[in-house]
Amino acid sequence: MAISTPFNAATAAYGNASRLINQAARPSTDLTAKASEGANFADILAQNVQGVVEQGKTSDQMAMDMVNGKANVVDMVTALSETEMAIESMVTIRDRVISAYEEIMRMPI
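Parameters at a glance
Residues numbered from 1 in each chain as written. Predicted model: local features only at pLDDT ≥ 70, side-chain atom pairs only at ≥ 80, totals over all residues. Heavy atoms only, no water. Helix = DSSP H or I, 4+ residues; strand = E, 2+ residues; numbered from the N terminus. Buried < 20%, exposed > 50% of the residue type's maximum accessible area, 1.4 Å probe, protein only. Contact = heavy atoms within 4.5 Å. Areas by Shrake-Rupley, 256 points an atom, 1.4 Å probe, with all protein chains shown as cover. Salt bridge = Lys/Arg side-chain N within 4 Å of Asp/Glu carboxyl O. Patch = residues over 30% accessible without salt bridge, like charges linked within 9 Å, V, L, I, M, F, W, Y side chains within 5 Å. Expected span 1.5 Å × (residues − 1). pLDDT = per-residue confidence, 0-100.

Student: What exactly am I supposed to notice about the overall build of the protein here?
Tutor: Check the secondary structure of the protein and you find 4 helices and 0 strands. Sequence-ordered secondary structure for the protein, helices as α and strands as β, is α-α-α-α. By the burial criterion, 14% of the 109 residues in the protein qualify as buried. If you take every contact in the protein between residues at least 6 apart in sequence, the share linking residues at least 24 apart comes to 63%. Accessible surface, the protein: about 8500 Å² in total, of which carbon and sulfur atoms supply 61%.

Structure, rendered in structure tokens:
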């Protein structure tokens, strides 16, 4: 069974891929601006974790819509890719925080 995709779906897929690449190159959160506004690291981290949770909910809803025949395959795959990137970013942040903590613990007093 072959899946036929109209030209518009392919165009949308390329547009979504381009948007994902641009988001990866330019994070949506400007950490320096938030730091100057007085937000601390815990608040920034909490906001980013909440963003990952919201992205996961969006992805889940898109998958359910796909199962019910209400969503496009391209949109579902894009939502899943965005969620995967968000989770990978949070894992990277976690790893760097743990590494920094370990380095601080190794410092002589």
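Moving on from the model shown.
Student: Looking at this model, I keep getting lost on the pattern of salt bridges. Mind explaining?
Tutor: Any two side chains of opposite charge can pair, given that their charged atoms come close. Scanning all chains against the criterion turns up 2 salt bridges. A salt bridge links R94 to D95; the shortest N-O distance between them is 2.7 Å. Owing to a relative accessible area of 39%, D95 belongs among the partly exposed residues under this scheme.

Student: Before we go on, may I ask you to explain a nonpolar patch on the surface in this structure?
Tutor: A contiguous nonpolar surface patch, about 250 Å² in accessible area, is contributed by F41, I93 and V97. For V97, the location among the structural elements is in helix α4 (residues 73-106).

Student: Looking at this model, I keep getting lost on helix α3 (residues 41-67). Mind explaining?
Tutor: Every α-helix winds through 3.6 residues per turn, so residues three or four apart in the chain are directed the same way. Look at α3: 39 Å from first C-alpha to last across 27 residues, which is about the 39 Å you get at 1.5 Å a residue. Residues I44, V52, G56 and S59 constitute the buried set of α3. Of the residues flanking the end of α3, it is G69, one or two places downstream, whose phi is positive at about 80°.

Student: Looking at this structure, I do not really get α4. What am I missing?
Tutor: Taking 1.5 Å as the rise per residue, α4 with 34 residues should run 50 Å; its terminal C-alpha atoms sit 50 Å apart, in good agreement. V74, M76, T78, A79, E82, T83, A86 and M90 are the residues of α4 that are buried.

Student: Looking at this structure, how should I read the confidence of the model for the protein?
Tutor: Close inspection of predicted coordinates is inappropriate for parts of the model with low pLDDT. For the protein, per-residue confidence averages 77 on the pLDDT scale, and 65% of positions sit at 70 or higher. By mean pLDDT, helix α2 (residues 31-36) is the weakest element of the protein at 53, and α4 is the strongest at 90.

Student: For this particular structure, what's the right way to read the environment of M62?
Tutor: Position of M62 among the secondary structure elements: in helix α3. C-alpha of M62 to C-alpha of V73: the two residues are 11 residues apart in sequence and 9.3 Å apart in space. When sequence neighbours within four positions are dropped, the list of residues in contact with M62 reads A71, D75, M76 and A79.

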